[in-house]
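Secondary and tertiary structure notes
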Amino acid sequence: MSDMELMKKWKEEETGFSLKGWDFSQIDGRWECPNPPWDYKTLIKAYLRDGDILLDMGTGGGEFLLTINHPYKNTYATEAYPPNFELCKRELSPLGITVARTFSDDRLPFDNDSFDFITNRHESFDLSEVDRTLKHGGYFFTQQVGGKNSYELRLALNDGVIMSGPDHELESYANRLARMGFQILIKDEAKYTVKFFDMGAVIFYAKACVWEIPDFSVETHFDRLCKLQNEIDKNGFVQVTGHRFILAARKL
């Protein structure tokens, strides 16, 4: 296929990009991304009680939150990204879930000691705000994307690798929580293989994960995409590293 034909095909993929909440089903079968070895939802439900007041930080479109199936009247969610916030108002608010818009990590729109349980899946956070809004005896569970995630893809598409800051590491958060008087309950991390089977899946991922591959477009990154296409032609896929960590703690 000529460069002109590839450019046209990939720009069609780019134009067709649409992300509702945090739903990657558009590339089902076009990539392989295993789950971490732990089950985040099962771990949460082992500690969460029906009477607990639950906050899910950065809920996206509420996809994960709804799988927890916590009583809606006891469930709160925050979201910063405007399209997802509007989606949450349409999908979650009618159920009785309270949805709040956030604008910065360092100020959650809730009173002190508001929640028995706070969950955070792949969203940034300020530990001082977690501490302020969590009741004594309450739980904080977070699963985060680690700094080595998609390392090879970022190396290929960026001018160098965008690394997370040194504070965004499992041990750093665990140590800070311990100093704040939290009991560490669960602490684990995992690296695993992720495969992209066609360039459309790569383009979708790059458009969705703007913090990993900023300022991405097919036109500006075309030569780099061609190199990845050569890898797909040779091996049948582009292989990268997945990196996740989980941390759960109780406020004593």
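For the structure, check the block above.
What you see is a predicted model, and the numbers here were worked out from it, not measured in a lab. (Residues numbered from 1 in each chain as written. Predicted model: local features only at pLDDT ≥ 70, side-chain atom pairs only at ≥ 80, totals over all residues. Heavy atoms only, no water.)

1. Considerations on the pattern of salt bridges
When charged atoms on two side chains of opposite charge get close, those side chains can pair. As a reminder, the rule being used: The term salt bridge refers to a side-chain nitrogen of Lys or Arg lying within 4 Å of a carboxyl oxygen of Asp or Glu. For the purposes of this entry, the term helix denotes a DSSP run of H or I that reaches at least four residues, the term strand denotes a run of E that reaches at least two, and both are numbered from the N terminus. With a 1.4 Å probe rolled over the protein chains alone, any residue whose accessible area is under 20% of its type maximum counts as buried; one over 50% counts as exposed, and the rest are partly exposed.
Counted by the stated rule, this structure contains 10 salt bridges. With its nearest N and O atoms 3.0 Å apart, the salt bridge here joins Glu13 to Arg30. Taken together, the residues span a long stretch of sequence, with Glu13 in helix α1 (residues 3-15) and Arg30 in the loop between α1 and β1 (31-32) at a distance of 17 residues. Linking Glu14 and Lys207 is a salt bridge whose minimum nitrogen-to-oxygen distance equals 3.5 Å. Of this pair, Glu14 sits in helix α1 while Lys207 sits in helix α8 (residues 199-208), and the two are 193 residues apart along the sequence. The exposure class of Glu14 is buried, given its relative accessible area of 15%. Taken together, the shared-partner salt bridges connect Glu13, Arg30 and Asp198 into one network.

2. Here's the deal with the sheet that holds strand β2 (residues 54-57)
Convention followed: Two strands are counted as paired when DSSP detects at least two bridges linking them. Any two residues having at least one pair of non-hydrogen atoms within 4.5 Å are treated as being in contact. As a rule, the C-alpha atoms of each element are fitted with a line to give its axis, helices using only the stretch in contact, and angles between N-to-C directions run from 0 to 180 degrees.
Here 8 strands make up an open sheet; going across it, the order is β1-β7-β8-β6-β5-β2-β3-β4 and the pairing mixed. Only two strands of the sheet have a single partner each, and these edge strands are β1 and β4 (98-101). Pairing geometry for β1 and strand β7 (residues 182-196), over 2 bridges, is antiparallel. Across the sheet, residue Trp31 finds its bridge partner in β7, namely Phe196. Against the sheet, helix α2 (residues 40-47) touches β5 (115-121), β6 (134-145), β7 and β8 (238-251), its axis set at about 175° to β6.

3. Thoughts on the pairing of β8
Among the 14 residues that make up β8, 12 are buried, leaving the element largely enclosed by the rest of the structure. Inspection of the sheet shows β6 paired to β8 by 7 bridges, in the antiparallel sense. Across the sheet, the residue bridging to Gln143 is Ile246, located in β8. Relative to β8, β7 is paired through 14 bridges, and the arrangement is antiparallel. Each bridged residue has a counterpart across the sheet, and for Thr193 the counterpart in β8 is Thr241.

4. Some thoughts on the pairing of β2
Our working rule: The definition of a right-handed crossover adopted here requires that, viewed with the strands pointing away, the path from the first strand over the helix to the second runs clockwise.
Residue alternation in β2 divides its side chains into two sets, Leu54 and Asp56 and Leu55 and Met57, and both sets are buried. As judged from the 3 bridges shared by β2 and strand β3 (residues 75-79), these two strands associate in the parallel manner. Each bridged residue has a counterpart across the sheet, and for Leu54 the counterpart in β3 is Thr75. Regarding the hand of the β-α-β motif, the stretch spanning β2, helix α3 (residues 63-68) and β3 is right-handed. Pairing analysis gives 4 bridges linking β2 to β5, with the strands arranged parallel.

5. Topic: the side chain of Thr241
Let me state the cut-off plainly: Each polar contact in these results corresponds to two N or O atoms within 3.5 Å; when the atoms are within protein, one needs to be able to donate a hydrogen and the other to accept it, and residues that are neighboring in sequence are counted only if both atoms are side-chain atoms.
Secondary-structure assignment places Thr241 in strand β8. Of the polar contacts made by the side chain of Thr241, one reaches the side chain of Glu152; its length is 2.8 Å. Ignoring sequence-local partners within four residues, the contact set of Thr241 consists of Lys148, Asn149, Ser150, Tyr151, Glu152, Lys191, Tyr192 and Val194.

6. Topic: the side chain of Asn84
Mapping Asn84 onto the fold places it in helix α4 (residues 82-91). Once residues lying within four places of it in the same chain are set aside, the contact partners of Asn84 are Gly21, Gly60 and Glu79.

7. Quick word on α4
This is how it is decided: Working definition: the arc comes from the directions between the helix axis and the C-beta atoms, pointing outward to the latter.
Within α4, the full set of buried residues consists of Asn84, Phe85, Leu87 and Cys88. The buried residues of α4 occupy an angular sector of 160° when projected down its axis, which confines them to one face.

8. Thoughts on unusual backbone geometry
When glycine is set aside, most residues are seen to have a negative phi, and most peptide bonds are trans. The backbone phi angle of Asn69 is positive, close to 60°, even though this residue is not glycine. Relative to the elements of secondary structure, Asn69 occurs in the loop between α3 and β3. In this model, His122 sits at a positive phi of 65°, which is unusual for a non-glycine residue. Structurally, His122 is set in the loop between β5 and α5 (127-133).

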